[in-house]
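# Inside the fold
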Protein chains: 2
Amino acid sequence: MGVKLDPWGHYAIEDYVKLLAEFGIHPIDEVLGSLPRKHMYFERRVIFGHRDFNLWLDALKHGEKVAVLTGFMPSGRPHLGTAMVYEELRFLQSLGAHVKIVIADAEAYIVRREERSDVVKRGVDFIAHAIAWGIDPEKAEFYYQTAMDNEYYRLIQMFSRKISMAEMEAIYGELTPGKIVASLTQAADILHLQLDKYGGYRHVVVPVGADQDPHLRLTRDLADRFEQELGLKRPSSIYHKLLRGLDGNKMSKSRPEFAIHLDDDPDLAEKKLLNALTGGRATADEQRRLGGEPWKCSIYELYVYHLVGDDSELREVYDECVTGRVLCGQCKRRAVERLKRRLIEHQERYREVLSSGIVDKVLRKPSF
Amino acid sequence: MGVKLDPWGHYAIEDYVKLLAEFGIHPIDEVLGSLPRKHMYFERRVIFGHRDFNLWLDALKHGEKVAVLTGFMPSGRPHLGTAMVYEELRFLQSLGAHVKIVIADAEAYIVRREERSDVVKRGVDFIAHAIAWGIDPEKAEFYYQTAMDNEYYRLIQMFSRKISMAEMEAIYGELTPGKIVASLTQAADILHLQLDKYGGYRHVVVPVGADQDPHLRLTRDLADRFEQELGLKRPSSIYHKLLRGLDGNKMSKSRPEFAIHLDDDPDLAEKKLLNALTGGRATADEQRRLGGEPWKCSIYELYVYHLVGDDSELREVYDECVTGRVLCGQCKRRAVERLKRRLIEHQERYREVLSSGIVDKVLRKPSF
């Protein structure tokens, strides 16, 4: 790609270029000029691709109603990967988008086979952290998949008529009745915002990790097939890279030791960071001589995704590494200090959100 | 079976004995003694089998809440086969059962691919005829599958977790997403009555044609699997023979010329009857000599199912036929006269029901 040596995070994009080519996801660069304000995720290509986001930006520009929708699977606890989505929502809300967050508790129950009461409890936590991250609950809606009403559920039911087993298998592989219902439920999550019952047509963008595109493909097909009958239109979507865990693999709720959770004790977070995989060399001498490899470094990824907002500062961090001027120990201590401050501030807001009782006001629980 | 020569309708039961054996449907004879009142459908084995109907009758006997639920596919127009179900509902209601009728408009839309507006319109007709047939709307509920609320739809969603593709294929053959959703919707129709939201536990019996048993098998399995989580219990079911068309095949909405519809012009009904297949012989002489074969006769079936309530009178009709004393022409004229009177009376009540506006009061339409 020839873009490897640059501090803006392009270095990992090769893994995603396949997606761009294979499924017709467009490079985000196309639309950067139409963004009313810059954001580091776009500048740094953390958000690397999109479908029809240009249409969403046009709608925003022309003062039409726009919304951003995303779903959280309430298993495990929110971590810095979850926070990337919070940050996208916060930014798009600041541009004037209505925010809608769905807690995918039906999917957690059906496909992940979790207890209903557990996922409902954890759903509250995902919303509390979202508000603590800066999402304005006054300009947002939050719901459980299992607490919705007739019109929403009817979409699920109607969608089942216009999709074949072969089409769903092509997208999801081996099917079960549960997978089918859960997938149609996701499509209803994305498309129900367009119904009059839910405020009438709004152009919706869905920010997702690159691995979530299959759901978007199903949803776009269903929107096409119900355009005439229900007036549904394709959603837009933007695609962000996955934040890797501190061991260099995908950050996952199922491997907590390699993830920074938003409610981690700051000292625990420090320990995790000090054990994290870096782009350092075998020896200090070697590193002073050859410089580090930030594009392999999970700490540098934290700088890019969360810890350094200023681009010139990020360039400095990058240069200090590749020139070998700053070694991993010193660099990690700087990251630790910033992360701990962020966590302490976030957790303070999080406690305020919980004690304010706002979540119970904005998130109606299912009746059973 | 050795029961061929008997006027009570046993003659056709061989076709159904397989069902009894194969799927553990019990002969209705078991429970006849526990019926608080007789009804010709039970006496004549038009209702020939049951599952757990004894439990339902026990509940009734002990003053517990009992209900009867059935669904109508709103395609075509109600005919004398539909009226058999109306009659079962009317009788069970008269014993003290709460009646619930579902218009299967979701299934008509998904599986039969009908227009939503058409099925909603026809649903009104099925309910109007039910009330005209004598079902007391004060002791009944009526609904469209597409006009239900959260708790009902959640059952559909939850059911999808605890059933496999192999199990559904074993019951329904080749599957589509639509068939899966429609089948789980039927299970929710039968089981939702047990939820607190809908009045709390009631022992439910479902009267069905023998061909509908697969839905009951699925529903019983789901009830077992959700007994612990939702407190669901297996429904009871009773099985009636299918009224054959006037050509001796199944009476079907798709072959109107061989079916008597409840809104048929009485003179049209007369023509249909005069063309009907009988158990007559090749010539009048032969018939006087050998007698007719009522067990082959679609007219005699109308006597058994609808036109003759008194058993001794039915025996007389039967004897007149098998002894050759009365030939088909005379017998048909008697049937025509009775049927026309029934149709005229029913259609008069039907018009009263429509003009009273009661259906709009008791049947809430879906919002789209």
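You'll find chain A entered in an unreviewed UniProt entry as Tryptophan--tRNA ligase, with Desulfurococcus mucosus given as the organism. Per UniProt, chain A has the following entry under Sequence similarities (unreviewed entry): "Belongs to the class-I aminoacyl-tRNA synthetase family."

### Things to note about the overall build of chain A
Regarding its fold elements, chain A presents 18 helices and seven strands. For a compact globule of 368 residues, the expected C-alpha radius of gyration is about 21 Å, and chain A comes in at 21 Å, within 12% of that figure. Across the 368 residues in chain A, those meeting the buried criterion constitute 60%. Within chain A, contacts between residues at least 6 apart in sequence are counted, and of these 77% link residues at least 24 apart. Of the accessible surface of chain A, which amounts to about 14,800 Å², a share of 50% is contributed by carbon and sulfur atoms. Within chain A, one finds 54 positive and 56 negative side-chain charges whose respective centroids are separated by 1 Å.

### Overview of the relation of the copies chain A and chain B
Superposition of the two copies of the chain requires a rotation about an axis and a shift along the axis. For these two chains of identical sequence, chain A goes onto chain B by a turn of 180° and a shift of 0.0 Å along the axis, with RMSD 0.0 Å. Interpreted geometrically, this transformation is the action of a two-fold axis.

### Digging into helix H8 (residues 150-159) of chain B
With ten of its ten residues buried, H8 of chain B lies for the most part within the structure. Turning to H8 of chain B, its buried residues are Asn150, Glu151, Tyr152, Tyr153, Arg154, Leu155, Ile156, Gln157, Met158 and Phe159 of chain B.

### Notes on the packing of aromatic side chains
This structure, assessed with the given rule, holds 19 aromatic pairs over all chains. Centroid distance Tyr143 of chain A to Tyr152 of chain A: 6.0 Å. Interplanar angle 75°. Geometry classified as edge-to-face. Each member of the pair Tyr143 of chain A and Tyr152 of chain A is classed as buried. Three or more aromatic residues link up through ring pairs in this structure, and these residues are Tyr143, Tyr152 and Tyr153 of chain A together with Tyr143, Tyr152 and Tyr153 of chain B.

### Side note on the packing of helix H15 (residues 298-307) of chain B against helix H16 (residues 311-322) of chain B
Residue and element names in this part refer to chain B. Put simply, H15 and H16 touch, their axes get as near as 10 Å, and they point 170° apart. With respect to H16, the axis of H15 lies roughly antiparallel. Here Tyr300, Tyr303 and Val304 of H15 come into contact with H16, specifically with Leu314, Val317 and Tyr318. Its residues placed into classes, the contact of H15 with H16 shows six nonpolar, no polar and no charged.

### Some points on the sheet that holds strand S6 (residues 203-209) of chain A
Residue and element names in this part refer to chain A. Spatially, the seven strands line up as an open sheet ordered S1-S2-S7-S6-S3-S4-S5, and their pairing is mixed. Either end of the sheet is taken by a strand with one partner, and the two such strands are strand S1 (26-27) and strand S5 (140-144). With five bridges joining them, strand S4 (residues 98-103) and S5 adopt parallel strand pairing. Paired with Val102 across the bridge in S5 is Tyr143. Sheet contacts for helix H7 (residues 116-133): strand S3 (66-72), S4 and S5; angle to S5, the most-contacted strand, approximately 165°.

### Quick look at the side chain of Ser298 of chain A
Mapped onto the elements of the fold, Ser298 of chain A is located in helix H15 (residues 298-307). Among all residues touching Ser298 of chain A, those that are not within four sequence positions of it are Gly245, Leu246, Ala276 and Leu277 of chain A.

### What about the environment of Arg288 of chain A?
All names here are of chain A. Residue placement: Arg288 occurs in helix H14 (residues 284-290). Remark: the alpha-carbon pair of Arg288 and Glu257, spanning 31 residues in sequence, is separated by 30 Å. Apart from residues lying up to four places away in sequence, Arg288 is in contact with Thr323, Gly324 and Leu327.

### As for the nonpolar core
Judged by nonpolar contacts, the single largest core of 90 residues is most densely connected at Phe159 and Leu184 of chain A together with Phe159 and Leu184 of chain B. Apart from the residues within four sequence positions on either side, Phe159 of chain A is in contact with Leu184, Ala187, Ala188, Leu191, Leu222, Phe226 and Leu232 of chain A.

### Examining the sheet that holds strand S3 (residues 66-72) of chain B
Residue and element names in this part refer to chain B. Spatial strand order, S1-S2-S7-S6-S3-S4-S5: seven strands in an open sheet with mixed pairing. The open sheet has two edge strands, strand S1 (26-27) and strand S5 (140-144), and neither has a second partner. As judged from the five bridges shared by strand S6 (residues 203-209) and strand S7 (residues 236-240), these two strands associate in the parallel manner. Across the sheet, Val205 pairs through a bridge with Ser236, a residue of S7. On the sheet, helix H4 (residues 53-61) packs against strand S2 (47-51), S3, S6 and S7 and is oriented at approximately 135° with respect to S6. This element, helix H7 (residues 116-132), spans S3, strand S4 (98-103) and S5 of the sheet and lies at about 165° to S5.

### Description of the interface of chain A and chain B
The partner chain B presents 38 residues to the 38 residues of chain A that form the contact. Between chain A and chain B, a total of about 3,300 Å² is buried, with carbon and sulfur atoms accounting for 57% of that surface. Looking at the side of chain A facing chain B, the largest losses of area belong to Gln157, Arg161 and Phe368 of chain A, adding up to 24% of the total buried there. One salt bridge connects Glu229 of chain B with Arg116 of chain A, and the closest N-O pair in it is separated by 3.0 Å. The interface formed by chain A and chain B contains 24 residue pairs in polar contact (both at pLDDT 80 or more). For the side of chain A that touches chain B, the secondary structure elements donating two or more residues are helix H6 (105-110), helix H8 (150-159), helix H9 (165-172), helix H10 (177-191) and helix H12 (227-230) of chain A. Among the elements that make up the side of chain A that touches chain B, the one with the highest residue count is H8 of chain A (seven residues). When its residues are assigned to classes, the side of chain A that touches chain B shows 21 nonpolar, nine polar and eight charged.

### Focus: the packing of helix H5 (residues 80-94) of chain A against H7 of chain A
All names here are of chain A. At their nearest, the axes of H5 and H7 sit 9 Å apart, and the two run at 55° to each other. Overall, the two elements H5 and H7 adopt an arrangement that is oblique. Read as a crossing pair, H5 and H7 show a hand that is right-handed. Here H5 contributes Thr82, Ala83, Tyr86, Glu87 and Arg90 to the contact with H7, which in turn contributes Phe126, His129, Ala130 and Trp133. Residue composition of the contact of H5 with H7, grouped by class: five nonpolar, two polar and two charged.

### Quick look at the environment of Leu20 of chain A
Residue and element names in this part refer to chain A. As for its position among the elements, Leu20 is in helix H1 (residues 14-23). Leu20 gets classed as buried once you look at its relative accessible area, which sits at 16%. For Leu20 and Arg51, which are 31 residues apart along the polypeptide, the C-alpha to C-alpha distance reads 9.8 Å. Sequence-distant contacts of Leu20, that is, excluding residues within four places in its chain, are made with Ile25, His26, Pro27, Phe48 and Gly49.

Rules and cut-offs
Residues numbered from 1 in each chain as written. Chains lettered and ligands numbered in written order. Predicted model: local features only at pLDDT ≥ 70, side-chain atom pairs only at ≥ 80, totals over all residues. Heavy atoms only, no water. UniProt positions renumbered as here; feature names shortened; annotations may be inferred. Helix = DSSP H or I, 4+ residues; strand = E, 2+ residues; numbered from the N terminus. Rg over C-alpha atoms; globule rule 2.2 N^0.38 Å. Buried < 20%, exposed > 50% of the residue type's maximum accessible area, 1.4 Å probe, protein only. Contact = heavy atoms within 4.5 Å. Areas by Shrake-Rupley, 256 points an atom, 1.4 Å probe, with all protein chains shown as cover. Lys, Arg positive; Asp, Glu negative; His and termini not counted. Charge placed at Lys NZ, Arg CZ, Asp CG, Glu CD. Least-squares fit on C-alpha atoms with pLDDT ≥ 70 in both. Phe/Tyr/Trp six-rings, centres within 6.5 Å; stacked < 30°, edge-to-face > 60°. Axes fitted to C-alpha atoms, helices over the stretch in contact; angles between N-to-C directions. Parallel < 35°, antiparallel > 145°, perpendicular 65-115°, else oblique. Nonpolar A, V, L, I, M, F, W, Y, C, P; charged D, E, K, R; others polar. Pairing = 2+ DSSP bridges. Core = buried A, V, L, I, M, F, W, Y, C linked by side-chain atoms within 4.5 Å. Buried area = accessible area lost by both parts, 1.4 Å probe. Salt bridge = Lys/Arg side-chain N within 4 Å of Asp/Glu carboxyl O. Polar contact = N/O pair within 3.5 Å; in protein donor to acceptor, adjacent residues only side chain to side chain. Left-handed = near helix turned anticlockwise from the far one by under 90°.

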